[in-house]
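Overview (structure and organization)
For reference, the chains in residue letters:
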Amino acid sequence: MDFLRTLTDSCCPAFPHPRQAIVMQDDLIVASEKVSNDMTASVLLESGGEKEYRVLPWPNPLKPKSVKYFIYKDQDETVVPGMELQPTGNGFRAPQQLPLSLPSAAEIASWPLDLSLPQFKWNQDLLDKVRPVQAGERPWVIVLMGTPGIGKTHLLNHGTVEQKEAVDAKIGRKVPWDNIFFKQIDDAIHNAARAQLEKLWAECEKIEDPHECFRYYWSSKQQIFTRFAVDKPDVSESNPKPASYEFRLGVEIVKKLTQPGQLYNVAMETTGLTPGLVKFGLTAPHYAEYHKLVILVEMDDLEQARTITHSRLIREMNSCSMLGGEQFGKYLDVIAEKAKETFKVCEELARTKNKELDDAGSGGGRWHTYHLKQEFGLDPAVQQRIDEFYGLR
């Protein structure tokens, strides 16, 4: 049975007081209860009984102001989508407080976003690898969509010639695959939260139980992603339309990439959880003259994506480096279904926009979509890393 609870206020490292939550079962509200300071909740069962559950925070990507709580049992199977925890002798402990001193959203909002500053050298390094489109060329904006671990980044950076030629043939245009600036949320967060991530990796080395260590790392990384990619300061007279750090930085990066006379091809990746965000991004005025391409990447076996993302998080702890996002486990099923829905929205939007351009006799950039089904064998080293982490080898 799937349970999730949605809080109406933002996630934070510790809970100074009980907060009201909503327990949902198969998307139907069945009870309302409190989340206590020790990260437990008493769930009112339909039978009239009551049961204690541990809770685990997860930011709700569909409602940035809210947080989902995955409830899991201490001694037996996980009862929620999102992650699978193997039981230990004394169960699992949800962190009451993270070892991180995360800056507040208000503090982060005061950080300068001048891309010429030393802290943004990573962005300039990426920019130096590509060049503006030449006169007479039409630039491209590309959105790669799908669950984590299925090869979105790999397609752009290491995809085969055959894969890329198949895209070109399907859409009837040649995509400039070798000259695209890849704007990734991971780069922004990794560099902004480097101190917090380094402290987190150090703390994880102190946790002996591998199950506890993994869950601790995963939930802590969630806190970091939430703070930098979702949280925003309160509305104020000086800041009437607050936005998250990642959103504001993204705006500055795109401004630089779309300056008149200095246009770059741009690629972005997304899970596709939020159709409106994809639509908003592609219809932004600075992409008016761009060709648009939305690629839905799917895997023939989603279980492989679960294994890949699980192993990747372990590799992050082993190497003290950030290699991707934070989503994994059964939550990938949710993302996969939502991505397909979002892709259908994009297909319809492409048809509508192209008809508008054709009817107007416009020579502006056209809209394209492509569905890529990944089929590849799992590298044995991926599963081996998991087995070794949990002492199964």
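Preceding block: the structure.
Keep in mind that this is a model prediction, so the values were computed, not measured.

Below, the discussion takes up the environment of Arg 131. Mapped onto the fold, Arg 131 is located in the loop between α2 (121–127) and β7 (140–145). A relative accessible area of 45% places Arg 131 in the partly exposed class. For the pair Arg 131 and Phe 181, spaced 50 residues apart in sequence, the C-alpha separation works out to 8.7 Å. Setting aside residues no more than four positions away along its own chain, Arg 131 makes contact with Asn 179 and Tyr 264.

Among the nonpolar cores identified, the biggest contains 58 residues, and Phe 228 and Leu 249 are the most heavily contacted of them. With nine residues, helix α7 (residues 210–230) is the largest single contributor of residues to this core. Filtering out sequence-adjacent residues up to four positions away, Leu 249 remains in contact with Leu 113, Leu 115, Phe 120, Trp 122 and Ala 188. Counting residues in each nonpolar core, the second largest holds 26 residues, with Ile 150, Val 175, Phe 182 and Leu 293 among its members.

Moving on: the side chain of Thr 147. Mapping Thr 147 onto the fold places it in the loop between β7 and α3 (152–158). On the basis of relative accessibility, which here comes to 3%, the residue Thr 147 falls in the buried class. Discounting residues that sit within four places of it in the chain, Thr 147 has contacts with Lys 152, Leu 302, Ala 305, Leu 332, Ile 335 and Ala 336.

Think of a pair of aromatic rings as described by two things: how far the centres are apart, and how the planes are tilted against each other in angle. Tallied over the entire structure, the rule returns five aromatic pairs. Aromatic side chains Trp 111 and Phe 228 sit 6.0 Å apart centroid to centroid with 45° between the ring planes, which places their arrangement in the tilted category. Taken together, the positions of Trp 111 in the loop between α1 (105–109) and α2 and Phe 228 in helix α7 put the pair 117 residues apart, joining distant regions of the chain. With relative accessibility at 0%, the residue Phe 228 sits in the buried group. Considering the side-chain rings of Trp 111 and Tyr 245, the 5.8 Å spacing of their centres and the 75° angle between planes classify their relative orientation as edge-to-face. With Trp 111 in the loop between α1 and α2 and Tyr 245 in helix α8 (residues 245–257), this residue pair connects regions lying 134 residues apart in the sequence. Here Trp 111 falls in the partly exposed class, since its relative accessible area comes to 27%. Overall, the relative accessible area of 6% leaves Tyr 245 in the buried class.

Calculation notes
All residue numbers refer to positions counted from 1 along the written sequence of the respective chain. Per-residue local features are limited, in this predicted model, to residues with pLDDT of at least 70; the limit for side-chain atom pairs, both in listing and counting, is 80 or more; totals at the level of whole chains, interfaces and linings are taken over all residues. In computing side-chain properties, one takes all heavy atoms of the structure into account and sets aside hydrogens as well as water. Elements are defined by DSSP. Helices are runs of H or I of four residues or more, strands are runs of E of two residues or more, and each kind is numbered from the N terminus. Only protein chains enter the accessibility calculation, which uses a 1.4 Å probe. A residue is then buried if its area is under 20% of the maximum for its type, exposed if over 50%, and partly exposed in between. Should any heavy atoms of two residues lie within 4.5 Å, those residues are considered in contact. Definition of nonpolar core: a set of buried residues of the types Ala, Val, Leu, Ile, Met, Phe, Trp, Tyr and Cys, connected through side-chain atoms within 4.5 Å. Pairs were defined over the aromatic rings of Phe, Tyr and Trp, the Trp ring being its six-membered one, requiring ring centres within 6.5 Å. Orientation was assigned from the angle between planes: stacked under 30 degrees, edge-to-face over 60, tilted for the rest.

Don't take any of this as a statement about function, it's just geometry.
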